Amino acid sequence: MTETLFGLIPSFGLIVVFAVVALACLAIPLPASALVLATGGFAAAGDLSLPAVFGIVFSAFVLGDQLAFGLANMFGPRLLGWLAERSKPRSVLEKGQEMVEQHGVLAVFLSHTILSPSCPYISYACGAGGMRWSSFTIAATIGAAIWTAAYMGLGYAFARQLSQVSEILGKLFILAGALLALIVFWKMIRRRWRMIQLASLPADA
């Protein structure tokens, strides 16, 4: 699929990039990060304008965020229930909800930067969980700008080594996801341990 999307860029230009990034923000499995890396490489080769690419990618990211938040805010538990029924993203969705409950807007920012694979699920969790739209939007927009600049910058700087860069980033995301799962698991264990301790205290303590 990735090669097919790359092949569409010469014919359809940044429209393809805009559509892929926006749809990826809705948890549709599309190679947005690889495509943005590639557009940075195209800009380095002079085939695309770097400011235009940044504007398109950033705008698509913000639009996708707003759509995810709005849909979850509108349909709430029904949408989360539908996502949870899909076996693959279930754990990611649960971790996303836990992150939002524990860290609020910090979870939004992290999901839009170093934990970007969890981004759609964090956005859905924020919308369904009743986070203020302004708080979500500020954190998400700052994160989207950083993510866009970072991926485009990497693609621009390492235009001839895009496959290696993409592979390294993929491994880093796996490591970050494992670390996130460990943190969430540890907090759950610690919370339950505290509940057990409280339950064991005498009633007049």
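The preceding data block contains the structure.
This report concerns the structure included in the present document. Computed from a predicted structure; not experimentally measured.

### Topic: the nonpolar core
- If you look at the biggest cluster of nonpolar residues, it comprises 23 residues, and the most contacted ones within it are Val21, Val36, Val57 and Phe61.
- Of all elements in the fold, only helix H2 (14–24), helix H3 (32–44), helix H4 (50–75) and helix H9 (133–157) reach the threshold of two or more residues within this core.
- The greatest single-element share of this core, amounting to seven residues, is contributed by H2.
- Setting aside residues no more than four positions away along its own chain, Val57 makes contact with Val17, Val21, Val36, Trp147 and Thr148.
- Counting residues in hydrophobic clusters, the runner-up holds 13 residues, among them Val100, Leu115, Ile122 and Ala140.

### Some remarks on the side chain of Thr39
- Positionally, Thr39 belongs in helix H3.
- In this structure Thr39 comes out as buried when scored by relative accessible area, which is 0%.
- Residues within four places of Thr39 in sequence aside, it is in contact with Val17, Leu48 and Val53.

### Quick word on unusual backbone geometry
- The phi dihedral of Ala27 is positive, around 75°, even though this residue is not glycine.
- Examined against the element boundaries, Ala27 turns out to sit in the loop between H2 and H3.

What counts, and at which threshold
Residues numbered from 1 in each chain as written. Predicted model: local features only at pLDDT ≥ 70, side-chain atom pairs only at ≥ 80, totals over all residues. Heavy atoms only, no water. Core = buried A, V, L, I, M, F, W, Y, C linked by side-chain atoms within 4.5 Å. Buried < 20%, exposed > 50% of the residue type's maximum accessible area, 1.4 Å probe, protein only. Helix = DSSP H or I, 4+ residues; strand = E, 2+ residues; numbered from the N terminus. Contact = heavy atoms within 4.5 Å.

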